[in-house]
Amino acid sequence: MAEMNANEPFEISVHKLTYCHTPTAPPSLVDISIQLPKGSRTILIGANGAGKSTLLQILAGKRLITADGAQVLIKGRDVFRNSPPGVTHLGTEWAMNPVVRGDIVVSNFLDSVGGYRHKERRDRLLDILDVDLDWHMHAISDGERRRVQLCMGLMQDWEVLLLDEVTVDLDVQVRDDLLKFLKDDSEARGATILYATHIFDGLSEFPTHIAHMRFGAFATPPTSWPPVVGPPGLQNALALSSQSLYKVALQWLREDREYRRELEKTGRKSRGARRDQAVPSDSETFYRKYDYSH
């Protein structure tokens, strides 16, 4: 697989990043180092809890890092001490905010966040996302509210876009139209996208790079897509996938589960049913005694 050109300017650069949510917790990210060139579109692949959202939040400056020697740069600027312009982060938590679930008309909402300044892009996104300007935010579905979020977040020109599962609520047609828009926009303006998702259907033509996170580290660092030659792990996945991104992701996630199960054999806390538990738990004992459903 073709490696990234070391002489390319890096739009996103992370060096020796380790991060813990609390001082006593095990690290959520472990010794992360990546470099993504300007104009790249990278898909982050990994199981739930692999650290994808945490990494994106740190890149967006939403989580402060304290580890000595760690460096997080976008456009050559420290995201905490010299915040770079043109960075947009869109995550799933927005649609759950009570403020955006109030009785406000979509047209008024978009104008309140500067929609009148970006009419051309706003109108194009309204058509792509099939948004009704007369919707009331409290009376629409989660998927429709997600469309409004995407219109709000994308209507201003961005240079680096950090997407965290924000297409999960979209129907397949709107998602496909949006991905085409993002790809065209990235190619036309040389803008950079880092996208964490669990939905891989119809995504094979979108990325320039793919990466695999496992337990807070990169099992496969950002690597060119579509593949040519490359690391043995990726080659093995491709042998099963016929170059399908969906099957590569599925193979990687299956390997993650097997890797975790091997760790469980050596003492890591196990998941799933507790079939070897001979003594009923306190919870089971309590609910058996006070079960009035029969």
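Residue numbers restart at each chain and count upward from 1, following the sequence in its written direction. Reporting of local features is limited, given that this is a predicted model, to residues whose pLDDT is at least 70; pairs of side-chain atoms are given and counted only at 80 or more, and all residues count toward the totals for whole chains, interfaces and linings. With hydrogens and water stripped out, all remaining heavy atoms of the structure feed into the side-chain values.

(A) Just the pattern of salt bridges, in detail. Whenever a carboxyl oxygen of Asp or Glu lies within 4 Å of a side-chain nitrogen of Lys or Arg, that contact is scored as a salt bridge. Tallied over the full model, the rule gives 20 salt bridges. Among the salt bridges present, the one from Glu11 reaches Lys75, with a minimum N-O distance of 3.8 Å. Taken together, the residues span a long stretch of sequence, with Glu11 in strand E1 (residues 10-19) and Lys75 in the loop between strand E4 (71-74) and strand E5 (77-78) at a distance of 64 residues. Since its relative accessible area comes to 7%, Glu11 is described here as buried. For Arg81, the salt bridge goes to Asp78, with nearest N and O atoms at 3.0 Å. Ionic contacts of the salt-bridge type, sharing partners, join the residues Arg121, Asp157, Asp185 and Arg189 into one network. For the purposes of this entry, the term helix denotes a DSSP run of H or I that reaches at least four residues, the term strand denotes a run of E that reaches at least two, and both are numbered from the N terminus. Only protein chains enter the area calculation, which uses a 1.4 Å probe; residues under 20% of their type maximum are buried, those over 50% are exposed, and those in between are partly exposed.

(B) The arrangement of the pairing of strand E10 (residues 217-224) in detail. Strands are treated as partners if at least two bridges between them are detected by DSSP. Direction of pairing for strand E9 (residues 209-214) relative to E10: antiparallel, over a ladder of 5 bridges. Residue pairing across strands places Met213 opposite Phe218, the latter belonging to E10. Linking E9 to E10, which pair antiparallel, is a turn of 2 residues; within it Phe215 sits at a positive phi near 50°.

(C) Structural context of the sheet that holds E4. Ordered by their spatial adjacency, 4 strands build an open sheet running E2-E1-E4-E5, and the pairing between neighbours is antiparallel. Every interior strand has two partners, whereas the edge strands, strand E2 (29-37) and E5, have only one. Bridging between E4 and E5 involves 2 bridges; their strand directions are antiparallel. Opposite Ile74, over in E5, you have Arg77 as the bridge partner.

None of the figures reported here should be taken as evidence of function without further support.
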